[in-house]
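Given next are the chains, with one letter for each unit.
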Amino acid sequence: MPKFDRLACCLILALIGETRGALAQTIDRTAGSEMIARGAYLAKAADCGACHTVQGGQPFAGGLAIGSPVGTIYSTNITPSVAYGIGGYSEQQFARALRRGIRADGANLYPAMPYTSYAIFTDSDVQALYSYFKLGVAAVDRPGPHTNLPFPMNIRASMMGWNFLFLNDKPLQTNPRQSESWNRGRYLVQGAAHCSVCHTPRGFLMQEDGGKGLAGAQVGPWYAPNITSDVASGIGSWSHEELVLFLRTGDARGKAQAAGSMGEAVEHSFQYLSDADLDAMATYVMTVAPIHDPADRTSRFAFGKASSDLGLLRGTNGVRSDDGAPTGAELFQANCASCHAAFAQGSKDGYYPSLFSNSALGSNNPNNLIATILNGVDRTTAKGQAYMPGFAGGPTGLAALTDQDIVLLSNYLLDRYGRPGITVTAEQVAEVRRGGPSSSLLIILARAGIAASTVALILIVTVVVVRTRRRREPPAYAAST
Amino acid sequence: MANADSADVIVVGTGVIGCLVAEQMLDAGLSVLMLEAGPRVDRWRIVENYRNLPPSLRLSFDAPYPPKPWAPHMESYSDAAAAEYLQLEGPNARAYRQGYVRYAGGATWHWAGICWRLTPDDMRLKSLYGVGRDWDFGYDTLEPYYTRAEYAMGVCGPSDSALQWPPIRSKPYPMGPLPFGPGEQRFTDAAARIGLKNLPSAQARNSGIAYDGRPPCCGNNNCIPVCPIAAKYDAAAALPKIEAKGGRILVNAVVYRVETGQKNAIAAVHYFDPDKLTHRVTGKIFVLACNGIETPKILLLSKDERNPNGLANSSDQVGRNMMDQPKLVAELTLAEPMWTGVGPVQGSSIMQTSQGEFRSRHGGALFRFNNMARSRVGAIAAVRKGLVGKALDTEIRRLSACTAEIAIEHELLPDPNNRLTLSDKKDWLGINKPNIHYDVGDYVRRCASEYSVPIAKSLAAELGATDVQVSTEFTNSDHIMGGMIMGADSTRSVVDLDCRAHDHSNLFLPGGGAMTSSGCGNSTLTMAALALKAADAVMDQVKHS
C-alpha cells in the first residue's frame, strides 16, 4: 500500500542523507580573517573545546573520555591534521558531521557529539566554523583513543535508526512575532549552546523528550535543573539581568552558582559571548514554556535563613582526640563555616555564597548538594577563580568525608538552611560519588529498544519487498468462491 | 614495593621535610615507607578542638593537638605541664620550650607559614664578621633549591624586587603577595617614618588562586594553630598525594633505635607500636626527619659498640649547637584602634635590621607586627578584671582594637654548650626524654640591650603607643636548628653538604638541625631547600649504586 512505499522512500532518503544549500567542495583559502574570527567565536559559543580539548592538551586534538550511561566515548581530533583530524574534510563533509552526525567515511557519530542541536546551524555559520577549523587551528598529528561501546551501540550503523526517529534537521524558521533578539537567542540556545543536551530529560532510547524542553535532567554526577519559565520549578523568578550575569560569571547572588559542567560552560564558552548574544539567549530562555513539578510550591532559590548552632557546641565539647562519630552541626562548623561563615550567610561580597537562598539546598532534588560537597567548585572567569575544594578525599581533597559523614552533613544543612522534608541517603551519596546513575538498566533498555526498532525495520522492509514482488507477478488464479 | 617492613627509602617523620623528600623519591620511582610517631587526625577535628578551647587556652597552640601517650610533645598550658617532656636547663631554659606536635603532618600544622630565605651574608658570618660558622656553600648553590621549595609548597610574595628579601631570585614567586590588614598598614607607615621598611612576608599561603588544589586564603586568621581550609601549606595536605603515588604511611609508630650493619651503614630502624610491641623495618636509604630535637635524640639513643657516642657522632656535634631565634615581645597600648586580625597572622616583617657591620659585635634582629587577632588576649585580660555583661563586652572590644604586639626575633650563634643530651627521665614507652641546656649568649643579649629593644621602643612611639612593656625574658620561636650541624669537615660537623651523615653512607638528616647559622627569619624554607638538596643526593646515590 502507498503508506509503505512512502515509508520506504523516507528510509532510503534517511540512509543516503540530503544536502542543504550549495556548500563548497573545498576550503576557500582566501577566507578572510574576519570569517575565521567569526568561526572562532562560534566555536566558543558551541564550546567545541569542552569535549575536543583535553585539559592541558593541545586545542581540539581530542582524546577526552566522556562518560555516558552506555560507556566511555572518546572525543576525536578535529584539528586540520590530514592523517588524524579533519584536514581532508570538504566543507560539505564538515557540515554533514556537524549537523547530521555523519563522518567523512560515512560512519555515524554518537550523539555525545550534540549534532542534534548543531543541526540548525546556518550554512553561513557552518562556513565560518569550517574556515576556523581549517585555517585558524594548529594541526596536531596524533590520533585519539578508540571508542568501544558495548553491543549493539558499537555498531555505528545502529545510529541510523536512532537518527531516523529523533534527528530533526529542519532549519529554524524566523518567528516574525518575536524580536530579532529573541530569534537570535533561540538560534543560540537551541543550536550552538545546546542547552537541551543537558537540561532536557531523555526517553528510554536516550533521546531528548521534546515535550519536556529544559525541564531538568541528570548529567553524570550533577543534575542540570529545570530552567523553563516556571516560577516554582524553573527560573521564572529570575530577572533578565540576573540570567545574563549568571551566564557571564556563573553566579546569581542569593540564588545559584554554576558548578560541574555548567561551570565549565561558563568558563570556556558563555563568558566570551557578546553582550548582545547573552542578552538574546536570556530573552529566549525566559520565554521557554513553563514545566511545573507538582512537588514544587515555591522556587528552589528562596529557602532557609541564617542560623547557627554554635551555642550548642561551644563551651561544652572540649578537646577530643578520639575518632568518635560527629554531628552534622560539628561537620558544618568545622568544614564549611570557615568560608561560608558561622551562620551560613557567606561573605559580604558574595564570593562565598550563602547556603540558604541557594538552589543547591532549596531544590526538591538534593543531588547537587551532594555533588558540590564531593566535587567542589572550580570556575574561572574574568571575575577571578571561584573555588571550593571537594570533600571526597583523594590526592588533593581537603578532607576525606565518608558517605555517612556527608549524609549527616547534608541532612543538617537541608534542615537548617534548605528545603524542609528533603533528605539524603547513603545510597544517593555513594551513587553521586561513583559519577552518577549506573548504566546497566539503560544498556538493557537501549539494547531492547534498538533490537525492537531493528526488528520493526526488518519487518517493514520485508513487507515492502514482499508486496512489491506480489504486485509485479500476475495473479496465478483468480479468487473463486 | 613498600610493605609494612621495608622499602627502598625509609622516611622517619611526616613533617614538611619528610613529605618533601618522600614525594621526590616516589616521583623518581623509588618505593617509600614513612613512619610517624603520632596519630593521623582529620583537619576538621583539630579545627573544632581549637574553637572549643576556653579563652585561657587559646594561646596554647598545642592545645588542639592532645598528644598520644606514646608520642609526647611539650604541652604549654601551664609551666608544670610544659616541664613534663622537654627537660630544660641553663640561664635561658625558658627560651627552648619548643612547640611542635607529634602528629602526622608535624609542626607545619601550626606554623605561621613564613618563608624567608637566608641572605648571602647570613651564610658567611665567620668570613665577614669573625663569629659563628660559614656555610660550606654559598647562597648561589642554595638558590635553585629555595625556588623549588617555594613552588613545592606554594609560596606567595612580591614581584617588586624592592619589596623582596633578599632580592636575589631566579624565578618569581608562584603567587603574588597578600594585602596588608589595617594594623599592618599603619605599622608599615610608622616604620617608614623612622627609616625602616616593613616588607610583605614571603608565606606558604595561597593568594588569590587555588594552588595545588587548596583554596586561597580567606582571612580566618586561624593560621596558628591550624588553617581550617588548608590555604596555608601544611604537610598534612601532602599525605594523600604521597599515598596516591604509592607511598606507604604507618602512624603511631615510634622509632627508638637505628641499627647499624655492614660498614657502619644503616641496616634497619626499630619502632614501638601503641601496645609497646617492637617492629623492625629495613631499607636501602634512611632519612630521619623528626625535627631538630627528636632526630638528635634518636641518634643518641641508638649508640652501639661501633658508635659509642651515638650514631653519626664521631664529631661529637650531635645535639650540640642548638639554635633558635630567641624572642622578646613589646606589648603596646594605643589610644586609637589598631585592628590586627585582618588576614594571616604574620603578614610582614622588618628584615633590614638583621644585616650590618654590627654583627661582629652583636647579632641582628627582625621586627614583626603580630597580626594575630587580639580578641584572645583581650578576652582573657577583660575576664581577669572581673567584668561582666556590657562592661565585659566593651572592654574586650577595646583591648582587641587598642592593643598590639611587636615581636623581636634575634639571630643566635652556634654554641657547643647549647646541647641536647638524653635525660634520665623516661617517657611512657621507656624512651629517654630530651634534656637541653640553653644560654642565648652575650651576642644576643648585647643586641637586645643596644639595638633591638631601643628600635622596638621607637616603633612603638611612632605608632603613638600610650604604654609599652618589653619582655625581659627570652622565649622560643619554635625554629629548632643546629643539632645535626652541616659542614665539609667531618671532625666538626654531623652531616655533609647533602645532609648525609658523615659516619653512615646511607643515612640522611635533612632539616633545621643541619643549618649552620640561624639568621633572623623563620627557618622552614631553608630546611625545605636542604630537604630537596638531600633528595637529589639520595636519587643520585641510588642511581649509581
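Residues numbered from 1 in each chain as written. Chains lettered and ligands numbered in written order. Predicted model: local features only at pLDDT ≥ 70, side-chain atom pairs only at ≥ 80, totals over all residues. Heavy atoms only, no water.

A few words on the overall build of chain B. From N to C terminus, chain B includes 12 helices and 16 strands. With respect to the three principal axes, the spread of C-alpha positions in chain B is 70 × 50 × 45 Å. In chain B, which comprises 545 residues, the proportion classed as buried is 65%. Here the analysis covers contacts within chain B between residues at least 6 apart in sequence; of these, 73% occur between residues at least 24 apart. For chain B, the computed accessible surface area is about 18500 Å², with 51% contributed by carbon and sulfur atoms. Side chains of chain B carry 56 positive and 57 negative charges; the gap between the two charge centres is 2 Å. (Helix = DSSP H or I, 4+ residues; strand = E, 2+ residues; numbered from the N terminus. Buried < 20%, exposed > 50% of the residue type's maximum accessible area, 1.4 Å probe, protein only. Contact = heavy atoms within 4.5 Å. Areas by Shrake-Rupley, 256 points an atom, 1.4 Å probe, with all protein chains shown as cover. Lys, Arg positive; Asp, Glu negative; His and termini not counted. Charge placed at Lys NZ, Arg CZ, Asp CG, Glu CD.)

Residues of chain B with pLDDT of at least 70 account for 100%, and the chain-wide mean is 97. Predicted complex, confidence summary: ipTM 0.93, pTM 0.90. (pLDDT = per-residue confidence, 0-100.)

Now for the sheet that holds strand S13 (residues 419-426) of chain B. Residues and elements named next belong to chain B. Reading across from one edge, S3-S14-S13 is the order of the 3 strands in this open sheet, with mixed pairing throughout. For this open sheet the edge positions go to strand S3 (87-89) and S13, each flanked by a neighbour on one side alone. In this sheet, neighbouring strand axes are inclined to one another by 30 degrees on average, regardless of whether the strands run parallel or antiparallel. Summarising the sheet, S13 and strand S14 (residues 432-437) pair through 5 bridges and their orientation is antiparallel. Looking at S14, one finds that Arg419 is bridged to His437. (Pairing = 2+ DSSP bridges. Axes fitted to C-alpha atoms, helices over the stretch in contact; angles between N-to-C directions.)

Before going further, it helps to spend a moment on the pairing of strand S12 (residues 403-410) of chain B. Residue and element names in this part refer to chain B. Taken across its 8 residues, S12 has 8 buried, putting it largely inside the fold. What you see with S12 is no split at all: Thr403, Glu405, Ala407 and Glu409 on one side and Ala404, Ile406, Ile408 and His410 on the other are buried throughout. As judged from the 7 bridges shared by strand S9 (residues 327-334) and S12, these two strands associate in the antiparallel manner. Paired with Ala330 across the bridge in S12 is Ile406.

Next up on the list: the pattern of salt bridges. Pairing of side chains with opposite charge becomes possible as their charged atoms draw close. All names here are of chain B. Taken as a whole and assessed by the stated rule, the structure comprises 45 salt bridges over all chains. Salt-bridge contacts for Arg117 lead to Glu143; the nearest nitrogen and oxygen are separated by 2.9 Å. Taken as a pair, Arg117 in the loop between S3 and helix H4 (125-129) and Glu143 in helix H5 (residues 139-153) lie far apart in primary sequence, 26 residues in all. As far as the burial class goes, Arg117 and Glu143 line up, both buried. (Salt bridge = Lys/Arg side-chain N within 4 Å of Asp/Glu carboxyl O.)

With the rule as written, the count across this model stands at 22 aromatic pairs over all chains. Look at Tyr118 of chain A and Phe121 of chain A: their rings are 5.5 Å apart centre to centre, the planes differ by 35 degrees, and that puts the pair in the tilted class. Residue Tyr118 of chain A is classed as buried on the basis of its relative accessible area, which comes to 4%. Pairwise contacts between aromatic rings join Phe60, Phe94, Tyr130, Tyr132 and Phe133 of chain A into one cluster. For the cation-ring pair, Arg58 of chain B lies above Tyr50 of chain B, with the distance from its terminal atom to the ring centre recorded as 4.9 Å. (Phe/Tyr/Trp six-rings, centres within 6.5 Å; stacked < 30°, edge-to-face > 60°. Lys NZ or Arg CZ within 6 Å of the ring centre and 35° of its normal.)

A common way to report how large an interface is uses the accessible area buried once the components associate. Taken residue by residue, the interface counts 28 residues in chain B and 28 residues in chain A. Of the roughly 2300 Å² buried between chain B and chain A on both sides combined, carbon and sulfur atoms contribute 54%. When the buried surface of chain B facing chain A is broken down by residue, Trp44, Arg45 and Asn52 of chain B rank first, second and third, together holding 28% of it. Joining chain B to chain A, the criterion identifies 1 salt bridge. Put simply, Glu48 of chain B and Arg314 of chain A hold a salt bridge, and the shortest N to O gap is 3.0 Å. Our enumeration of links across chain B and chain A arrives at 9 residue pairs in polar contact (both at pLDDT 80 or more). Elements represented by at least two residues in the side of chain B that touches chain A include exactly helix H2 (43-51) and helix H7 (239-244) of chain B. The element contributing the most residues to the side of chain B that touches chain A is H2 of chain B, with 7 residues. Residues of the side of chain B that touches chain A, tallied by class, amount to 16 nonpolar, 4 polar and 8 charged. (Buried area = accessible area lost by both parts, 1.4 Å probe. Polar contact = N/O pair within 3.5 Å; in protein donor to acceptor, adjacent residues only side chain to side chain. Nonpolar A, V, L, I, M, F, W, Y, C, P; charged D, E, K, R; others polar.)

Attention now goes to the side chain of Asp405 of chain A. In this structure, Asp405 of chain A sits in helix H17 (residues 403-417). An unpaired buried charge is present at Asp405 of chain A: no salt bridge exists, and Arg45 of chain B, the closest side chain of opposite charge, is 6.1 Å distant. Each residue touching Asp405 of chain A, except ones within four places of it in the same chain, is listed here: Pro326, Leu331 and Ala400 of chain A.

A few words on the confidence of the model for chain A. Residues and elements named next belong to chain A. In the predicted model, chain A carries a mean pLDDT of 87, and the fraction of residues at 70 or more is 88%. In the predicted structure, residues 1-22 sits below a pLDDT of 50 and forms 25 contacts with residues beyond four places in sequence or in another chain. Predicted confidence is poor over residues 477-481, with pLDDT under 50, and the contacts of this stretch with residues over four places away or in other chains come to 0 contacts.

Residues and elements named next belong to chain A. Packing of H17 against helix H18 (residues 426-434) brings their axes to within 9 Å, and their N-to-C directions diverge by 115 degrees. The crossing of H17 and H18 is right-handed. Taken together, the residues of H18 that come into contact with H17 (itself represented by Asp403, Gln404, Ile406 and Val407) are Ala426, Val429, Ala430 and Arg433. Residues of the contact of H17 with H18, tallied by class, amount to 5 nonpolar, 1 polar and 2 charged. (Left-handed = near helix turned anticlockwise from the far one by under 90°.)

On to the pairing of strand S8 (residues 278-288) of chain B. Residues and elements named next belong to chain B. Note: strand S1 (residues 6-12) against S8, 6 bridges, orientation parallel. Note on S8: the bridge partner recorded for Ser6 is Thr282. Inspection of the sheet shows strand S7 (residues 266-272) paired to S8 by 5 bridges, in the antiparallel sense. Bridged to His270 within S8 is Arg280. Linking S7 to S8, which pair antiparallel, is a turn of 5 residues; within it Lys276 sits at a positive phi near 65 degrees. Across 2 bridges, S8 lies against strand S16 (residues 507-508) in parallel orientation. Within S16, the residue paired with Phe286 across the bridge is Leu507.

A word on the environment of Thr147 of chain A. Residue and element names in this part refer to chain A. Following the sequence through the fold, Thr147 ends up in the loop between helix H6 (123-136) and helix H7 (158-166). Considered as a pair, Thr147 and Ile291 are 144 residues apart in the sequence and their alpha carbons are 36 Å apart. When residues no more than four places from it in sequence are discounted, the contact partners of Thr147 are Thr72, Ile73, Tyr74, Tyr110 and Arg156. Separated by 2.9 Å, the side chain of Thr147 and the backbone nitrogen of Tyr74 make a polar contact.

All names here are of chain B. Here Ser354 is to be found in the loop between strand S10 (348-350) and strand S11 (365-369). Side chain to side chain, Ser354 and Gln355 meet in a polar contact 2.9 Å long. If we ignore the near neighbours within four places in the chain, the residues touching Ser354 are Trp165, Arg359, Gly364, Ala365, Glu411 and Cys520.

Ranked by size, the top nonpolar core spans 129 residues in total, and within it Leu35, Met153 and Leu509 of chain B carry the most contacts. Considering each element in turn, this core owes the most residues, 11 residues, to helix H12 (residues 524-544) of chain B. Beyond its immediate sequence surroundings of up to four residues, Met153 of chain B is in contact with Val16, Trp111, Cys115, Ala204, Tyr211, Arg214, Tyr233, Leu525 and Ala528 of chain B. Core analysis: the second largest hydrophobic core is formed by 66 residues, Ile73, Ile86, Val126 and Leu278 of chain A among them. (Core = buried A, V, L, I, M, F, W, Y, C linked by side-chain atoms within 4.5 Å.)

A word on the environment of Pro296 of chain B. Residues and elements named next belong to chain B. By the secondary structure assignment, Pro296 is in helix H8 (residues 294-301). A sequence separation of 289 residues divides Pro296 from Ala7, and the C-alpha atoms of the two residues are 23 Å apart. Setting aside anything within four residues of it in sequence, one finds Pro296 in contact with Asn291, Val318, Gly319, Leu420, Gly483 and Met484.

Okay, the packing of helix H2 (residues 33-46) of chain A against H6 of chain A next. All names here are of chain A. Where H2 meets H6, the axes come as close as 7 Å, and the angle between the chain directions of the two elements is 100 degrees. Taken together, the axis directions place H2 and H6 in an arrangement best described as roughly perpendicular. Facing H2, whose interface residues are Met35, Ile36, Arg38, Gly39, Ala40, Leu42 and Ala43, H6 presents Ser124, Asp125, Gln127, Ala128, Leu129, Ser131, Tyr132, Phe133, Leu135 and Gly136. Tallied by class, residues from the contact of H2 with H6 come to 10 nonpolar, 5 polar and 2 charged. (Parallel < 35°, antiparallel > 145°, perpendicular 65-115°, else oblique.)

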